[in-house]
Amino acid sequence: MAPQGKRARKSDEAVTGGQADVEPMPPEKKKKTRRRNVRGRRGVLKNLPDMPLDILYEVFSHLHPQDLLNLSRTTKAFRRLLMDRNAAVLWKEARQNIPDLPEPFPGMSEPAYASLCFDAQCHGCFKPGIREVLWEIRARFCNECKKSKTLSQETLIYRRGDYFGSYLPCAVVEISVTGKTELFWDKKRVLASEAARIKEDYAEVEVSEIDQFIKENRTRCNEIEQHAGLCRKWYNNKKLNRAIELEDIKDARYKAIKNKLKELGYEKDVIYLTPLRIVHEYTLYLRPRAAILRKAVEKFARLSHGVFPHVRDFASLPEVRAILDPADKAEISVESFDALLPLLPELVTRWREDITGKLETFVRRELSSDESEDVPDGIRALDLAIATIFRCSHCKKPIVGAYPGTVSHRCRPAYVAALVQMTRGYGLWSKKQDDPFDTAIERALKWAKWSHRDVDLLKSDVEPVLEACGQNSLSTTAQDMDELDFRFRCKKCDSFQARAIFRWREAALHSRDCHGHDDSSLFFDIEDYIKRTLDTELWEAVSSEEARKIAPLERAASERVALKRLSKPIWCCVHCEMHELSRGGMITHIVETHGISTPSDDNLFADPARVKTRMPPVYIVADEYKMRVQSLKPFVKQALKDGEAMFQGDEI
């Protein structure tokens, strides 16, 4: 039987008489759709890219750079328009709408610079929410990309013996490990792509042009790092201003809610139900009084010699608080604090003893945690040589000396971090705390109280230096090391060209700056690096004969550093928050502001965190380079020129 085919569809007119056997269905009525009310006209912006360029440029020039970035990602037409080279002037005008924003980095385009400053996403994997900017390497990286996209600066040594990590821009990189933020021990890391590029460029450079190649790259590196400092300062100010803005918004909103409740007749029922409200109201009460206290502290600082308490620490003294926050809530003025003048020496002395006592306890606890024995009772822990080098836990910069170094350290990142934390509402006031004064005065002054928790003891950097000269870390004081006057050579920095010789403090700082304990794999083929890293000891004390030979070199280095240090903006005032002035400028400030006619070294100090002119090493150069000085590393040649290096066979 033949398969049955599909039955043909019959039309309505395929029936007898041309009439359909069923009546046709009536047409469906269209449902009326309710049109949404939309402000403005629909689709009026779709022709925006087709508008005349002069009108578009005029409109775009008033936008924020972040708006231009977002606009360039909407359509292909906008992207072609905004990413064209002719649109560079448009980006520049948008950038100038941002107060105090520095110029772009050398060689960086305006859109890339805008993305670096305002795009909170990882430049490696585009993960959102990345707030930290690594300005020196011009990138934002998430935790994983920090590991894969950067390299240890110390590993960048190439086979001719030179160390080109010194002329690649490097940044301090922090990586979160199991929920905790930890700093790479080598401290400085560079962008892996830049390291690869400079490796290729170096391989193509002729031997006669190496010095020029190094000079050009080092100049570029210095320019980038200086520019990164300007960008970091702008970014910190931006975060600070935003935190203050949020704080002001909260104040205004709180006042508006309170006033509205009063208007509605709930004035008697407005009570503070939470500690946060108590602190907030207390802060509003203390804010004008804190401004008066600040003027009084400036007045008292002129009468004191040595380190004077910061206004936040001064406010915590019971005698000061009794005037600042009297029980009867009476009005106060600057003259109200004049009653403290007879007590001022006692108050300052008591504050200093409290600070040094907390530091002493902190250092003893740190030293006892890893040692089988404790610090002997007859020795003050703060006097030990191993308690010489500290690090700010916020800005990660080294601090030389427990007191006054850790107390006088002016850390703006700590200020910003504390303010942001207070703005977010964290740690404002514990319920276990009976008195919210401390938190309220911090919010009023926008500064946190000094705490030993803001510093880390870098004993691991000093201990190898002490072991190299056979000294016990728990009994050798800094004065003992100064009297012994040892000199040390760094085994990792020794090369076939020259040996670097350090004093003991500079040796400890050199360990932190240049030699960490990162186990990153080496990026380049190395000849003498393997031999130097096989030694477990980093430092070796030089002989007394060699120390005698280099004494004239150290005198020359000391004189040059002393002259350079006078003009550097590294000087800080011990009486107030003024810092980053030259020595002459700081002396003028102390005379005019604090009324001290003849300032001494007790009135100012060079901030170790900003000192870039600390005692450099001196060098002993191999005799075989006497006839080919031009092939020496640039810094060794400069040391020879400055009288801070000598050849091994020379006699002085």
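Residues numbered from 1 in each chain as written. Predicted model: local features only at pLDDT ≥ 70, side-chain atom pairs only at ≥ 80, totals over all residues. Heavy atoms only, no water.

**Some thoughts on the pairing of strand β4 (residues 389–392)**
To be explicit about the condition: A simple rule labels every residue: compare its accessible area, found with a 1.4 Å probe on the protein chains alone, to the largest value its type can have, and call it buried under 20%, exposed over 50%, or partly exposed in between. The numbering of helices and of strands both runs from the N terminus, where a helix is a DSSP run of H or I of at least 4 residues and a strand a run of E of at least 2. The rule for pairing is simple: two strands pair if DSSP sees at least two bridges between them.
Neither face of β4 is left uncovered, since the one carrying Ile389 and Arg391 and the one carrying Phe390 and Cys392 both have all their residues buried. What sits between β4 and strand β5 (residues 398–400) in their antiparallel hairpin is a turn of 5 residues, with lysine 396 showing a positive phi close to 65 degrees. Two strands pair when backbone bridges link them, and β4 and strand β6 (residues 455–457) are joined in this way by 3 bridges, in the antiparallel orientation. Along β6, the bridge assignment pairs arginine 391 with aspartate 456.

**Concerning the environment of methionine 646**
The topology assignment puts methionine 646 in strand β13 (residues 645–647). Through-space distance from the C-alpha of methionine 646 to that of isoleucine 550 is 8.1 Å; in sequence the pair is 96 residues apart.

**Overview of unusual backbone geometry**
Positive phi values are uncommon outside glycine, yet aspartate 100 reaches one of about 65 degrees. With respect to the helices and strands, aspartate 100 occurs in the loop between α4 (88–95) and α5 (110–118). Judged by its relative accessible area of 70%, aspartate 100 is exposed. With a phi angle near 65 degrees, phenylalanine 126 is a residue other than glycine that sits in the positive phi range. Relative to the assigned elements, phenylalanine 126 resides in the loop between α5 and α6 (143–149).

**Overview of the sheet that holds β4**
As a reminder, the rule being used: To get an axis, fit a line to the C-alpha atoms, keeping to the stretch in contact for a helix; angles then go from 0 to 180 degrees between the N-to-C directions.
Spatial ordering of the open sheet is given by β5-β4-β6, a layout of 3 strands whose pairing is antiparallel. At either margin of the open sheet sits one strand with a lone partner, and together these are β5 and β6. Here the strands of the sheet are splayed against their neighbours by 35 degrees on average, with no regard to which way each runs. For β4 and β5, the ladder comprises 3 bridges, and the chain directions are antiparallel. From the neighbouring strand, phenylalanine 390 faces β5, where its bridge partner is isoleucine 399.

**Focus: the packing of aromatic side chains**
Using the following cut-off: The criterion for an aromatic pair is that two Phe, Tyr or Trp rings (for Trp, the six-membered ring) have centres within 6.5 Å, with stacked assigned to planes under 30 degrees apart, edge-to-face to planes over 60 apart and tilted to the rest. In this scheme, the term charge over a ring applies when either NZ of a lysine or CZ of an arginine sits within 6 Å of the ring centre and within 35 degrees of the ring normal.
Enumeration according to the criterion identifies 11 aromatic pairs in this entry. Ring-pair connections join several aromatic residues into one group, and the members of that group are Phe118, Trp135, Trp234 and Tyr235. We note arginine 321 situated over the ring of phenylalanine 437; from NZ or CZ to the ring centre the distance is 4.2 Å.

**What about the pairing of strand β8 (residues 498–502)?**
With 4 of 5 residues buried, β8 lies mostly within the body of the structure. Alignment of strand β7 (residues 488–490) against β8, held across 2 bridges, turns out to be antiparallel. Considered in β8, the bridge of arginine 489 is made with isoleucine 501. Pairing of β8 with strand β12 (residues 618–621) involves 4 bridges; the strand directions are antiparallel. By the bridge assignment, alanine 498 is partnered in β12 with valine 621.

**Considerations on α4**
Rules: What the arc measures is the spread of directions leading from the helix axis to the C-beta atoms. Working rule for contacts: check all heavy atoms of both residues, and any pair within 4.5 Å makes them a contact.
Listed in full, the buried residues belonging to α4 are Leu90, Trp91, Ala94 and Arg95. All buried residues of α4 fall inside an arc of 140 degrees around its axis, so they share one side. Here the buried face of α4 lies against α1 (53–60), α2 (65–72), α3 (76–82) and α5.

**A look at the state of the cysteines**
As a reminder, the rule being used: Cysteine sulfur atoms that come within 2.5 Å of each other are treated as a disulfide pair.
A complete count under the given rule lists 0 disulfides for this structure. Considering cysteine sulfurs only, cysteine 117 is the nearest to cysteine 231, which forms no disulfide, with 5.9 Å between them. Residue classification places cysteine 231 among the buried residues on the basis of a relative accessible area of 1%.

**Let's talk about the pattern of salt bridges**
Defined as follows: Criterion for a salt bridge: a side-chain nitrogen of Lys or Arg within 4 Å of a carboxyl oxygen of Asp or Glu.
Enumeration over the complete set of coordinates arrives at 24 salt bridges. The salt bridge partner of aspartate 354 is lysine 358, with a shortest N-O separation of 3.4 Å. Residue aspartate 354 and its partner lysine 358 are both found in helix α12 (residues 344–370); the two are separated by 4 residues, about one turn of the helix. One continuous salt-bridge network, built from bridges that share partners, spans Asp485, Arg487, Arg503 and Glu554.

**Describing the confidence of the model for the chain**
Note the cut-off: Residue-level confidence of the predictor is summarised by pLDDT, bounded by 0 at the bottom and 100 at the top.
Counting all residues, the mean pLDDT for the chain is 75, and 76% of those residues have values of 70 or more. Here helix α19 (residues 529–533) stands out as the least confident element of the chain, with mean pLDDT 40; α5 is the most confident, with 91. Counting interchain partners and residues more than four positions distant, the pLDDT-below-50 stretch residues 8–23 has 5 contacts. Under a pLDDT of 50 for its full length, residues 517–536 has, in the predicted model, 41 contacts with residues more than four places off or in other chains.

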